[in-house]
Amino acid sequence: MGGAAILPVDVAGRHGPSGRLLVGAALVLLALAPGLVRLLLGGADPLDQDLLALNLPPGAGHPLGTDHLGRDVLARLTVGTWLTLGTGIGGVLLAALAGGVVALLALTLGGAARATAYAVFDLLRVLPGVLLALLTAVALGNGVGPVTLALGLSFAPLFAEVVRATHEREMAADYVAAAQVFGLGRLAVLWRHVLPNLAGPAVTLCAIVLPRCIVTESVLSFLGLGVSPDQPSWGRMIADASGFAEDAPHAVLAPMLALALLTLGLSLLGEAARRRFDPLRREQRP
Amino acid sequence: MSIETASPLLRISGLQVGFPGAAPLVRDLGFTLSKGEVLGLVGESGSGKSLTVSALIGLLPDGMAARGSAMFDGQDLLSLPPQGWRALRGRRIGMVFQDPLAALNPFMTIGAQLAEAIKAHHPLRGRDLHARAEELLGEVGLERTFLGLYPHALSGGQQQRAVIALALSGDPCLLLADEPTTALDTVVQAQILALLRRLVASRGLAAVFISHDLGVVARIADTVGIMCQGELLEAGPTAQLLSEPSHSYSRSLVAACRDLPGWEEAPIADVPALRLRNLIVSYGSGGLFRQPRQVVHGIDLDVPAGGVLSVVGASGGGKSSIARALVGLAGAKADVCEIGGVSMPLGPRGRRSDVAQRVQIVFQNPTASLNPRMTVAQVLAEALRRLGLPRGEEQRRMVAALDEVGLGGEYLRRFPHQLSGGQKQRVAIARALLTEPTLLICDEILSALDATVQAQILRLLCRLRLERGLALLFIGHDLGVVRTLGGSVAVIEAGRIVEKGRAAEVLAQPRHSFTQRLVAAEVSVSPQWSQTQVAAEYPGLQRAVVAG
Amino acid sequence: MRAFLPLGISLLRALVLVATITFIVFLLIRAVPGDVVDVLAAQGDLTPAQQAALRVDLGLDGTVAEQFLRWLRQAVAGDLGQSVRFGRPVIGMVEQAIPSTIVFAAAAFSFGLCLALVLALGALMAPRSPLPALVEAINLWSIAVPTFVAGMAAILVFSIWLGWLPVIGNMVAPVVILGLDIAGQLAKPLLEELREARLAPHVRAARARGIHPVLVAARYVLPKTVPVLLALSSISLASLIGGTMTMEALFGLPGLGSLVLNAVSGRDYPVLQAVVMVLALGVVLINAVADLARRLTDPRMRA
């Protein structure tokens, strides 16, 4: 198929900031805006209960109304912004650390270390995230820590898989053979040839996993397996207010909308990154 | 089916192929082709030969379009609607592909694919269908037992025979062959070429045969066309074009095949560059359950200082394993392994020693052997790393090495994608030279390069050998190159040396049957070559079952 | 014979996996400070002797390893202990919950898979129609809109605002919502794989032979995507289980999800232990089946 081989590499020509990137960034900014404003100007206490103002619709004093305990929805939403985002980022970082770094170490050491590490990753892979969170919630209770741990563990196999694929491909490359011919040791080869080629895919994977982490956190909090009841992450807020949806639909809708905006924006950003690096596909074709 | 007249079956004129709005990748191409005639199109990668063939069967890559006129048996191929193509493909025009395994459906047996292809064009059923499939297999020299096999169970040669049978299933009168022997061994290549030639004669086919290898094309084509950068430079009867190429590019192409650079014997010192006794190479660490797989079973090799030893054989025979073992990339052991009289440790850890650095290697694929993320300077610096030189000295040596391979210091800042294939291979050679090697292993270093570039690289090696007294261990399959290199040759089959001696003598009078087959399959360009020689050389091939 | 060796090995690995997961759950539950007896003791007055008797009764005496082996022996015999909260045999509760969960998950998955196949094939055949954009959109939907949010929205809209009451307890809405989620995960990678498969040399070769386009699609393009489809399906299994639990909780459906969530909040560890084991067994079993199917559908791996 010589015809295909001589095609200009980027016929479809996707260069420059795509619409995806811009729209994604705008959505993320929009979702984070209330939280940012609060950081700058301060706001009401999210735990302050006003039992005389239950389920108030949006209006003066409470721009987004109050929930079934008379707590200010906007205050909870803005505090929850950082709780939601922070737990997601924490989960991604832990996944990258537990997946990527451990996998790299295991692959470098080889032998039993490699076999053990990947047996554990296989185990984590077949274990649904919800089941994992169930276990951490049972063992460690509710809270940001256990949820982050559950998120990190359930997404770690993805990073391990990307590391393994990149490592395998790089180690089979002739230029790595050439480096070995010049007497370069394992670490030097890893540092010079494998790591630089890993950076792109790993960063992209982080971008792809972040919205999934945030969604998973909200699901777990909704199921009562996530953050503790006094921490208003968006998933928790939806769960809390869902029983009173009839009287106070705004208390459910506000966090739902915020969550959808944030995850949609982040997914668009992740997709834009994926189109550039494509870590989850198999090796690039010439 | 078509009227037998003197008028040509295919007449192409003013063919342009490319993306609409962009510069065409094939420009103003024209030729005519009659029944029973084979046109060979030769060109290097990017010359537009594959696109030309794709345009003739209506399978251009998405977005590309062809303009001009291509009259095939009274209709213009370039203005056909999709339904028109479906009536032609397979039925009137058949096609054979480069990689036979990839061209076959891995999920269907050969028989099922044949039956499907026959049914697409002929109203046969049941026993008639089966009989027709068997008949087709017989025509390409395969037994009927192959009907029940899946493609992966066949050898490369058998797969290509199956692909040819499929191409013939609708009884086309025009056969397009896109590098059909490039993925095959030389011995198998010769068999496939003979088969195609025989089919052209027996079926009265017209055929377009494209290849990057002038030698292969000369062996099968009546007319040869030389393509370069989308243009057909010249075309003419094979013998005439080979003896009197008129265009300068064609001359260099013919010269690159035939007149390899002269190769003088270098002064030979007393101490051999390489003395190797009983080398055993095996793969696989030999885990708990797995036995290491031994691929080279105890061979002896000697390369005199400044001398040349060529190692030839079929792919998978262990040639490259020897090369990799000598530079610590494969698990190996040997009774004796001496470089310039000094014993060299084998294995990856041994690469740290000074003596091991006196053996260097250049790999087959120049693109794969340079990290795309590194500049030439970074690539070269890797070779000097273990010496820990000061920056200025490192820089000086790198520039010197680049000068030596015919590139200059200005290349230091380039990235591999900014270099041509030949330039990349020169960088790889410069990198190997930086450690002042005694022995340079060339592992098929020419096969990924275009013919004209091959000659340049050979000339470079020749100069290095004379100037540096560099000994060469040349792994290859092209016997023409081996003959040019001179020195000695070792013929490897299944991990053992079956014959060795002076290259000139072994190739002229091969004693072992394997060597004889290699020599017989050799493709060379000589003006005296004629088609009748195929039949004379391969009488046994007629209707024979070949192991492939 | 050789074809069955990998099957045996993967079955063995699956069993080891289930045992490992079960053991980890066992350890985790035992690691929580304060067992049921402590809780009960704090509520009423139990003499130390009564406490010890209760521990023996509940299988909480001896070392963790002893407890696990005993539990395992009983589990193999079909006895998963008693629910601490309801005092009923756990096996009965699990048996009751399994069918509805299987029906629900299978319905949602089949709906999702069919939708993904239809969308991807449609987008492949009609690149100029809105279908490719739809594949993209449904993919974003499944990432950005968690099933419980969609479920909440459905309840709000249909049940509360429009007053079509029987949304709670009805399976249609949750099946559609979870199915959409699954379809979103499958459709896009499937479409990418189909597009790539269409460029494969053997597809080009078949077209060059004049094989009918429908046959080319059915015999040459689709089979090439089967391994990817199987791999994707087993990946989406995790979210299928999570989604099933969420939907059961949200829409008040009976099943393993409701069972296990209630067990967590009620510290009903025997039930928790049993459900986790059943789920792990299910996951591992389905993965093993997918692996087997991959081997059987590829002649290169059958040999």
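Just so it is clear, the model here is predicted, and its values are computed rather than measured.

**Student:** So, the overall build of chain B: which residues are in play, and what are the values?
**Tutor:** Within chain B one finds 19 helices and 21 strands. Taken over the C-alpha trace, chain B has a radius of gyration of 25 Å; the compact-globule value for 548 residues is 24 Å, and the two agree within 12%. Reported as C-alpha extents along the three principal axes, the dimensions of chain B are approximately 75 × 50 × 45 Å. Expressed as a percentage of the 548 residues in chain B, the buried residues total 50%. Here the contacts in chain B between residues at least 6 apart in sequence split such that 69% fall between residues at least 24 apart.

**Student:** Lay out the pairing of strand β7 (residues 174-178) of chain B in plain terms, naming residues and giving numbers.
**Tutor:** All names here are of chain B. In terms of burial, β7 is a largely internal element, five of the five residues being buried. Neither face of β7 is open: one carries Leu174, Leu176 and Asp178, the other Leu175 and Ala177, and all of them are buried. Of the strand pairs in this sheet, strand β6 (residues 93-96) and β7 are connected by four bridges, and their pairing is parallel. Its bridge partner lying in β7, Gly94 is registered against Leu175. Pairing analysis gives five bridges linking β7 to strand β8 (residues 206-211), with the strands arranged parallel. Residue pairing for β8: Leu174 is matched across the bridge by Ala206. Considered for its hand, the β-α-β crossover made up of β7, helix α7 (residues 186-203) and β8 is right-handed.

**Student:** Account for the nonpolar core, naming residues and giving values.
**Tutor:** If you look at soluble globular proteins, the nonpolar side chains tend to sit buried side by side. Counting residues in each nonpolar core, the largest one holds 344 residues, and the members touching the most others are Phe159 of chain A, Ile441 of chain B together with Val275 of chain C. The dominant element in this core, judged by the number of residues it contributes, is helix α8 (residues 186-222) of chain A, at 16 residues. Excluding anything up to four places from it in sequence, Ile441 of chain B contacts Ala323, Leu326, Val327, Val359, Gln360, Ile361, Leu473 and Ile475 of chain B.

**Student:** Tell me what's going on with the sheet that holds strand β1 (residues 10-18) of chain B, and back it up with residues and numbers.
**Tutor:** Residues and elements named next belong to chain B. Spatial ordering of the open sheet is given by β2-β1-β4-β5, a layout of four strands whose pairing is antiparallel. At either margin of the open sheet sits one strand with a lone partner, and together these are β2 (26-33) and β5 (75-76). Where strand β4 (residues 65-72) lies against β5, two bridges are found, and the strand directions are antiparallel. Within β5, the position partnered with Phe72 by the bridge is Gln75. Lying on the sheet, helix α1 (residues 49-56) is in contact with β1, β2 and β4; it crosses β1 at an angle near 115°.

**Student:** For the packing of helix α5 (residues 90-125) of chain C against helix α8 (residues 172-198) of chain C, give the residues involved together with the corresponding values.
**Tutor:** Residue and element names in this part refer to chain C. Direction vectors running N to C along α5 and α8 enclose 35°, while the axes themselves pass 7 Å from each other. Crossing angle aside, the handedness with which α5 passes α8 is right-handed. The residue makeup of the contact of α5 with α8, split by class, is 21 nonpolar, two polar and one charged.

**Student:** Pulling in residues and values, what's your account of the sheet that holds strand β3 (residues 38-42) of chain B?
**Tutor:** All names here are of chain B. The sheet built from six strands is open, its strands ordered β6-β7-β8-β3-β9-β10 with mixed pairing. Two strands in the sheet have a free side with no partner beyond their single neighbour: β6 and β10 (231-237). Averaged over neighbouring strand pairs, the angle between their axes works out to 15° when direction is ignored.

**Student:** Account for the interface of chain A and chain C, with residues named and values stated.
**Tutor:** Taken together, the contact pairs 34 residues of chain A with 37 residues of chain C. Secondary-structure elements contributing two or more residues to the side of chain A that touches chain C are α4 (111-126), α5 (129-140), α8, α9 (234-242) and α10 (249-277) of chain A. In terms of residue class, the side of chain A that touches chain C is made up of 26 nonpolar, six polar and two charged.

**Student:** Break down the UniProt feature "transmembrane region" (unreviewed entry) in chain A for me, with residues and values.
**Tutor:** The positions UniProt marks with the feature "transmembrane region" (unreviewed entry) are residues 21-41, 82-107, 119-140 and 252-273 of chain A. Helix makes up 100% of residues 21-41 of chain A and strand makes up 0%, while its end C-alpha atoms are separated by 29 Å.

**Student:** Help me get a handle on the pairing of strand β11 (residues 274-283) of chain B, residues and values and all.
**Tutor:** Residue and element names in this part refer to chain B. Note that β11 and strand β12 (residues 293-303) share eight bridges and pair antiparallel. Along β12, the bridge assignment pairs Ile280 with His297. Pairing analysis gives three bridges linking β11 to strand β14 (residues 331-333), with the strands arranged antiparallel. Bridge pairing links Ser282 to Gly331 in β14.

**Student:** Before we move on, can you summarise the interface of chain A and chain B with the specific residues and values?
**Tutor:** Taken together, the contacts link 22 residues of chain A with 33 residues of chain B. The set of elements that each furnish at least two residues to the side of chain A that touches chain B consists of α1 (2-5), α7 (174-181) and α8 of chain A. It is α7 of chain A that contributes the most residues to the side of chain A that touches chain B, seven residues altogether. When its residues are assigned to classes, the side of chain A that touches chain B shows 15 nonpolar, six polar and one charged.

**Student:** Would you mind going over the UniProt feature "domain: ABC transporter" (unreviewed entry) in chain B in detail, with residue names and values included?
**Tutor:** Mapped onto the present numbering, the UniProt feature "domain: ABC transporter" (unreviewed entry) falls at residues 10-254 and 274-519 of chain B. Segment residues 10-254 of chain B splits into 38% helix and 24% strand. End C-alpha atoms: 27 Å apart.

Reading the values: rules and limits
- Residues numbered from 1 in each chain as written.
- Chains lettered and ligands numbered in written order.
- Predicted model: local features only at pLDDT ≥ 70, side-chain atom pairs only at ≥ 80, totals over all residues.
- Helix = DSSP H or I, 4+ residues; strand = E, 2+ residues; numbered from the N terminus.
- Rg over C-alpha atoms; globule rule 2.2 N^0.38 Å.
- Buried ≥ 20, exposed ≤ 12 C-beta atoms within 10 Å, placed from the backbone.
- Contact = placed C-beta atoms within 7 Å.
- Pairing = 2+ DSSP bridges.
- Right-handed = clockwise from strand over helix to strand, strands pointing away.
- Core = buried A, V, L, I, M, F, W, Y, C linked by C-beta atoms within 7 Å.
- Axes fitted to C-alpha atoms, helices over the stretch in contact; angles between N-to-C directions.
- Left-handed = near helix turned anticlockwise from the far one by under 90°.
- Nonpolar A, V, L, I, M, F, W, Y, C, P; charged D, E, K, R; others polar.
- UniProt positions renumbered as here; feature names shortened; annotations may be inferred.

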